[in-house]
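Spelled out, the chains give:
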Amino acid sequence: KNMEHLVTALILLILCVGAAVLYLVLSGRIRERSHETGVFLALGVSRWKIFLQYLCEMLLIAFVAFGVSVLVSGFAARTVGSRIINTSFMNAGDQTEDSGPVSENGVAAISGDDMNPTFTEASPLTEITVTVKPSQILLLAFSGFLVLLCAVTLASLPVMRLKPREILTRLS
């Protein structure tokens, strides 16, 4: 349970940091394209269509990035898992008798009080299995879409709220 909570907290932290970075990158990119936006607005293209163009561009990039990340994540999980197992084997040989509540016959205290501990055999870590359900992938994709939608909306607001004339005269 604790590991699950830690992973969830890390995912939320990464999502927030990623959203902030995405906003900053998009804000700079849209600001660079403000002349293009001004021309489109002057030609009569609606703000909604320009916003959808920005969103579609970002969705195409996000779709490719998400697909690559889903494919690469399995390899990364196996690599990290094998490193953890190798580290646990190396650390198991380095333990001394006073490193924890382990008795002479290789059993470890896992419950009970100080006067009457309950022992169970200690088993080495031999396998780590990482599974990701399709529902989790869909939830992650939906979260990414919401982050992308918010980032594009917030990044485009400073340019979209201006009139075409204001945009074009500001740049000249």
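To be clear, the structure that these remarks concern was listed above.
What you are looking at is a predicted structure, and each value in this text was computed from that prediction instead of being measured.

Which residues make up the overall build of the protein chain, and what values do they have?
A tally of helices and strands in the protein chain yields 5 helices and 2 strands. When its helices and strands are written in sequence order, the protein chain yields α-α-α-β-β-α-α. Looking at the protein chain as a whole, 16% of its 172 residues are labelled buried. In the protein chain, the share of contacts with a sequence separation of at least 24, taken over all contacts with a separation of at least 6, comes to 69%. Just so you have it, the protein chain exposes about 13100 Å², and 67% of that area is on carbon and sulfur atoms.

Give a description of the environment of Leu171 that names residues and reports values.
By the secondary structure assignment, Leu171 is in helix H5 (residues 164-171). Its relative accessible area of 42% is what places Leu171 among the partly exposed residues. Put simply, Leu171 and His35 are 136 residues apart on the chain and 7.0 Å apart in space, counted from C-alpha to C-alpha. Apart from the residues within four sequence positions on either side, Leu171 is in contact with Ser34 and His35.

Please give an account of the pattern of salt bridges that cites residues and values.
Any two side chains of opposite charge can pair, on the condition that their charged atoms come close. With the rule as written, the count across this model stands at 3 salt bridges. The salt bridge partner of Glu57 is Arg33, with a shortest N-O separation of 2.6 Å. Within this pair, whereas Glu57 is found in helix H3 (residues 47-94), its partner Arg33 is found in the loop between helix H1 (2-32) and helix H2 (34-42), the two being separated by 24 residues in sequence. The network of salt bridges with common partners includes Arg29, Arg33, Glu36 and Glu57.

Describe the side chain of Ser34, with residues and values.
Structurally, the position occupied by Ser34 is in helix H2. Those residues in contact with Ser34, other than ones at most four positions away along the chain, are Val159, Ile167 and Leu171.

Run through the environment of Val159, naming residues and quoting values.
Residue placement: Val159 occurs in helix H4 (residues 134-160). Placed 129 residues apart in sequence, Val159 and Ile30 show a C-alpha to C-alpha distance of 7.7 Å. Apart from the residues lying within four places of it in its own chain, the contact partners of Val159 are Ile30, Arg31, Ser34, Thr37 and Ile167.

Account for the nonpolar core, with residues named and values stated.
Core analysis: the biggest nonpolar cluster contains 16 residues, and Leu26, Tyr54 and Val152 have the highest contact counts within it. Element by element, the count of residues in this core is highest for H4, at 6 residues. When sequence neighbours within four positions are dropped, the list of residues in contact with Tyr54 reads Ile30, Arg33, Thr37, Val152, Ser156 and Met160.

Before we move on, can you summarise the side chain of Thr37 with the specific residues and values?
The topology assignment puts Thr37 in helix H2. You can call Thr37 buried: its relative accessible area is 0%. In this view, Thr37 contacts Ile50, Tyr54, Val159 and Met160; residues no more than four positions away in its chain are not counted.

About the thresholds
Residues numbered from 1 in each chain as written. Predicted model: local features only at pLDDT ≥ 70, side-chain atom pairs only at ≥ 80, totals over all residues. Heavy atoms only, no water. Helix = DSSP H or I, 4+ residues; strand = E, 2+ residues; numbered from the N terminus. Buried < 20%, exposed > 50% of the residue type's maximum accessible area, 1.4 Å probe, protein only. Contact = heavy atoms within 4.5 Å. Areas by Shrake-Rupley, 256 points an atom, 1.4 Å probe, with all protein chains shown as cover. Salt bridge = Lys/Arg side-chain N within 4 Å of Asp/Glu carboxyl O. Core = buried A, V, L, I, M, F, W, Y, C linked by side-chain atoms within 4.5 Å.

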